[in-house]
Amino acid sequence: MAIWDPSNETMPRSRLADLQNERLVAVVKRVYDKVPFYRDRFTSAGLTPSDIKSVADLQKIPFTTKEDFRSQYPFGLLAVPKRDVVRIHCSSGTTGKPTVVGYTRKDLDTWSGLVARFLAAAGVTADDTAQIAFGYGLFTGGFGLHYGLEKIGATIVPASSGFTERQLRLMCDFGVTVLICTPSYALYLGEAAVNMGLQEQLKLRVGCFGAEPWTDLMRESIEAKLGILATDNYGLSEVIGPGVAGECTERRGHHIFEDHFIAEIIDPETGQVLGEGQTGELVLTSLTKEALPVLRYRTRDLTALHSEPCACGRTFVRMDRVHARSDDMLIIRGVNVFPSQIETALLEVEGTEPHYQIIVDRAGGMDILTIEVEVNPELFRDEMKAMVALEEALLNRLTNTIGMRPKLRLVEPKSIARSEGKAKRVIDKRKQ
Ligand code: DLL
């Protein structure tokens, strides 16, 4: 059976179960043989690959976490020799060290096929002109969507992120019909289109958005401003990038591409596997990745699974759209940011106190990250020059650590409210 086969999407559940069993047994054997990390994990759990005979045995396998990626930085989780890796991508980690993922040539083909699947499910065809306004770089969004669209045969406008006026100009001039970006940027583009009086000139019909949570209200607003059907797709670097799951035009949850990934839902506190329809943390096992297969990866994303048939005919289970996480990771303009990264960066620069607050807000559809930090009393009394130097040093350190330039406010000693219990470091006004 082909590694990427769109007909798999409608296969009977019994055949899918056989395929998953076969692929799981093979991937377990491969990681045990090729990745010392997994061999050690299996040994510590008293397991050998022969203990995993089918998906029914999956729960015996220990979880893999983002911390494991960090401890194996950069290439410890590779299951192939480095010379077989043809691409590397990253996502930000908890301490400034990114999570590194690698792809073989075959992985890139599998990946583009998976992205093509959700694009096709959203109604994208070879007749479309698609503008990619995701950043092209270490983030999996730009390149991931690019090659998926090539597989579909759409005409690609690789605009990358930013330069909003130019984005809109290109869309009007080239008759762009499909927009690819984060939902927050889509909203921003929509608002800019209204302000620039360009709505009538836009030919957009479909949006394929992902990489961050968004509400139904936001969806309605994007659709009204851009005149499109807005669809959602889900993925994460550690598992492959975009292309883990996506909505069909029914938009009743994301179909998970189960011929390539096994999905489980666990209680984030106990690790206990939960039943259908119960909300918990999504755990994913990759079945076909060559360079970097993952077993039972804890995504930290909260969702629930549903297996009743979908009107579109796809037999894959659906997951609810993701609105929350079980850890403190923030997603700001599509970039993953952990409060602990910010704290580390702040404390590395001399002249600050360990009292700070992280404020995330949204204005004109754009996320705004502001960090307030107390300056130490001597410096605060000092002349202005020292404060300017401190501000510059902090901004550089923060930008390097989290991958975006925040707004910074240096505030007087003792001006940030002290708490008697857990400090409330993050104020996410987007949720209020
Ligand atoms: O965001 C991959 C991606 C790119 C998905 C483009 C879709 C489109 P990471 O940077 O590793 O990868 O971030 C993964 O982003 O664990 C979720 O918390 C969040 N996320 C991704 N898609 C969605 C979505 C890419 N549709 C993390 N809804 C994940 C809500 C999402 N959250």
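Please read all numbers here as calculations on a predicted model, not as lab measurements.

The rules behind the values
Residues numbered from 1 in each chain as written. Predicted model: local features only at pLDDT ≥ 70, side-chain atom pairs only at ≥ 80, totals over all residues. Heavy atoms only, no water. Phe/Tyr/Trp six-rings, centres within 6.5 Å; stacked < 30°, edge-to-face > 60°. Buried < 20%, exposed > 50% of the residue type's maximum accessible area, 1.4 Å probe, protein only. Helix = DSSP H or I, 4+ residues; strand = E, 2+ residues; numbered from the N terminus. Lys NZ or Arg CZ within 6 Å of the ring centre and 35° of its normal. Near = heavy atom within 4 Å. Polar contact = N/O pair within 3.5 Å; in protein donor to acceptor, adjacent residues only side chain to side chain. Areas by Shrake-Rupley, 256 points an atom, 1.4 Å probe, with all protein chains shown as cover. Domains from an automatic or database assignment. Contact = heavy atoms within 4.5 Å. Buried area = accessible area lost by both parts, 1.4 Å probe. Salt bridge = Lys/Arg side-chain N within 4 Å of Asp/Glu carboxyl O. Nonpolar A, V, L, I, M, F, W, Y, C, P; charged D, E, K, R; others polar. Arc of directions from axis to C-beta. Axes fitted to C-alpha atoms, helices over the stretch in contact; angles between N-to-C directions. Parallel < 35°, antiparallel > 145°, perpendicular 65-115°, else oblique.

> An account of the packing of aromatic side chains is requested, with residue identities and associated values reported.
Both the distance between ring centres and the angle between the ring planes are used here to describe each pair of aromatic rings. Taken as a whole and judged by the stated rule, the model has ten aromatic pairs. Seen from their ring centres, Phe37 and Tyr38 are 5.0 Å apart, and the 80° between their planes marks the pair as edge-to-face. Given a relative accessible area of 2%, Tyr38 falls into the buried group. Measuring from centroid to centroid gives 6.2 Å for Phe257 and Phe316, while their planes differ by 65°, and the two rings are edge-to-face. Within this pair, whereas Phe257 is found in the loop between strand E9 (254-256) and strand E10 (261-266), its partner Phe316 is found in the loop between strand E13 (305-306) and strand E14 (318-319), the two being separated by 59 residues in sequence. With respect to burial, Phe257 and Phe316 carry one shared label: buried. An aromatic cluster is defined as three or more aromatic residues linked by ring pairs; in this entry it consists of Tyr136, Phe143 and Tyr147. In this structure, Arg425 is placed above the aromatic ring of Tyr356, and the distance from its NZ or CZ to the ring centre is 4.3 Å.

> I'd like to hear about the site of the ligand, residue by residue, with values.
Near the ligand, the surroundings consist of 21 residues, among which Asp232, Asn233, Ser237, Asp301 and Arg325 are the closest. Contact between the ligand and Ala211: a nitrogen atom at 3.1 Å from a main-chain N or O atom of the residue. Taking Asn336, its side chain carries an N or O atom lying 3.1 Å from an oxygen atom of the ligand. About the coverage of the ligand: the protein hides 98% of its 610 Å² of free accessible area. For the shell around the ligand, the elements supplying multiple residues, two or more each, are helix H5 (140-152) and strand E7 (229-236).

> Let's hear about the domain arrangement of the chain: which residues, and what values?
For the chain, the assigned domains are domain 1 (1-325) and domain 2 (329-431). Taking only C-alpha atoms into account, the centre of domain 1 sits 31 Å from that of domain 2. Listed per partner, the contact involves 19 residues of domain 1 and 15 residues of domain 2. Of the roughly 1300 Å² buried between domain 1 and domain 2, counting both surfaces, carbon and sulfur atoms make up 56%. Linking domain 1 with domain 2 are zero salt bridges, by the criterion used here. Linking domain 1 with domain 2 are one residue pair in polar contact (both at pLDDT 80 or more). The greatest single-element share of the side of domain 1 that touches domain 2, amounting to five residues, is contributed by helix H7 (residues 183-195). Class assignment of the residues belonging to the side of domain 1 that touches domain 2 gives a composition of seven nonpolar, eight polar and four charged.

> Explain helix H9 (residues 339-348) residue by residue, including any values.
For H9, every residue scored as buried is listed here: Pro339, Gln341, Ile342, Ala345 and Leu346. The buried residues of H9 occupy an angular sector of 155° when projected down its axis, which confines them to one face. Its buried side turned inward, H9 meets strand E16 (330-332), strand E17 (335-337), strand E18 (352-363), strand E19 (366-375), helix H11 (384-402) and strand E21 (426-428).

> Summarise the packing of helix H6 (residues 164-174) against H7; cite the residues concerned and give the values.
Axis separation between H6 and H7 bottoms out at 10 Å; the angle between their running directions is 75°. Regarding the angle of H6 to H7, the classification is roughly perpendicular. Residues Thr164, Gln167, Leu168 and Met171 of H6 pack against Tyr185, Tyr188, Leu189, Ala192 and Ala193 of H7. Across the contact of H6 with H7, the residue classes tally to seven nonpolar, two polar and no charged.

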